[in-house]
Amino acid sequence: MQIKDQVVLVTGSTRGIGLAVARAFAAAGAKVVLHGRSQPSTDVLALFTAADYQPFVVTGDISDVDSVANILKQIHEKLGDINILINNAGITDDMLAMGMTPASFHQVIAVNLEGTFNVTQPIFKRMLKLRAGVIVNLSSVVGLTGNIGQANYAASKAGIIGLTKTLAQEGAMRGIRVNAIAPGMIATDMTGALTEKVRDEIISKIPLKRFGLPSEIAQTALFLAQNDYITSQTIVVDGGLIN
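In this text the structure is predicted, and so the values were computed from the model without any measurement.

*Asks:* Any chance you could explain the pattern of salt bridges here in plain terms?
*Replies:* Where side chains of opposite charge bring their charged atoms close, a pairing between them can arise. Following the criterion strictly, the structure yields 6 salt bridges and no others. Put simply, E77 and K73 hold a salt bridge, and the shortest N to O gap is 2.7 Å. With E77 and K73 both in helix α3 (residues 65–79), this residue pair falls 4 residues apart, about one helical turn. Across the pair D81 and R126 runs a salt bridge, and its minimum N-O distance is 2.9 Å. Within this pair, whereas D81 is found in the loop between α3 and β4 (84–87), its partner R126 is found in helix α4 (residues 102–130), the two being separated by 45 residues in sequence. Classification of R126 as partly exposed rests on a relative accessible area of 37%.

*Asks:* Would you explain the packing of aromatic side chains in this entry?
*Replies:* Aromatic ring pairs are defined here through the distance separating the ring centres and the angle between the ring planes. Following the criterion strictly, the structure yields 1 aromatic pair and no others. With a centroid separation of 6.3 Å and an interplanar angle of 50°, the aromatic rings of F48 and Y53 are classed as tilted. A relative accessible area of 3% means that F48 is categorised as buried.

*Asks:* Can you help me understand the nonpolar core in this one?
*Replies:* Judged by nonpolar contacts, the single largest core of 33 residues is most densely connected at V21, F25, F48, I84 and I86. Within the residue set of this core, elements represented by two or more residues are β1 (7–10), α1 (16–27), β2 (31–36), α2 (42–49), β4, β5 (133–138) and α9 (214–226). Here this core takes 8 residues from α1, the largest share from any one element. Ignoring any residue separated from it by four or fewer positions in sequence, one finds I86 in contact with V8, L9, V10, T11, V21, F25, V136 and L138. Membership of the second largest hydrophobic core comes to 24 residues, among which are V7, F56, V111 and F124.

Criteria and thresholds
Residues numbered from 1 in each chain as written. Predicted model: local features only at pLDDT ≥ 70, side-chain atom pairs only at ≥ 80, totals over all residues. Heavy atoms only, no water. Salt bridge = Lys/Arg side-chain N within 4 Å of Asp/Glu carboxyl O. Helix = DSSP H or I, 4+ residues; strand = E, 2+ residues; numbered from the N terminus. Buried < 20%, exposed > 50% of the residue type's maximum accessible area, 1.4 Å probe, protein only. Phe/Tyr/Trp six-rings, centres within 6.5 Å; stacked < 30°, edge-to-face > 60°. Core = buried A, V, L, I, M, F, W, Y, C linked by side-chain atoms within 4.5 Å. Contact = heavy atoms within 4.5 Å.

And the structure:
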């Protein structure tokens, strides 16, 4: 798919990986929609205006179907059909499974997995009618391996992989491609909160001996959007962590 002038919605794109993905698509000439629970900061918007680009901004909770409907209505009225969807929005609430409350488990599933479905379903229906479209879902290596203290997060990210493969099969006959990216340890606000000791322990297990960059995930998303013969895949970007 050609990226220039395509309408691209990136959920959870006011910081971290989502912001890097949005900037990459904007640089490629796409009409980018920034999304977050609240308005992006002036510093975030300045990153786009400095590159002579003004994204369309929407806010809302993707775990709420009415909120999603309002988001998509605004996009359609302003830009028309969404050609590329990048499902990036997600949360964590880590604790050992033995102490995890049902509320904690459900909230992570509600945002990460149900939220992805809430956004995807109406867009996917429209893509089926248009016989064109690309969806890239952000999963995680922990969705493939599990991780101590992340039963809720790992379950949500594993679910995203299953959702990706199903939608890829359902959409292929009408030219819709659906793939997932499973990042490893990426240098974001979340990993920045780790102690130096923990960071060093993690890096010692990564063959490439460093954390990945949000821009490297963005490059992968851009590649998956452009390559017309890749679908139903989960691309691991982790420096060799889960070889």
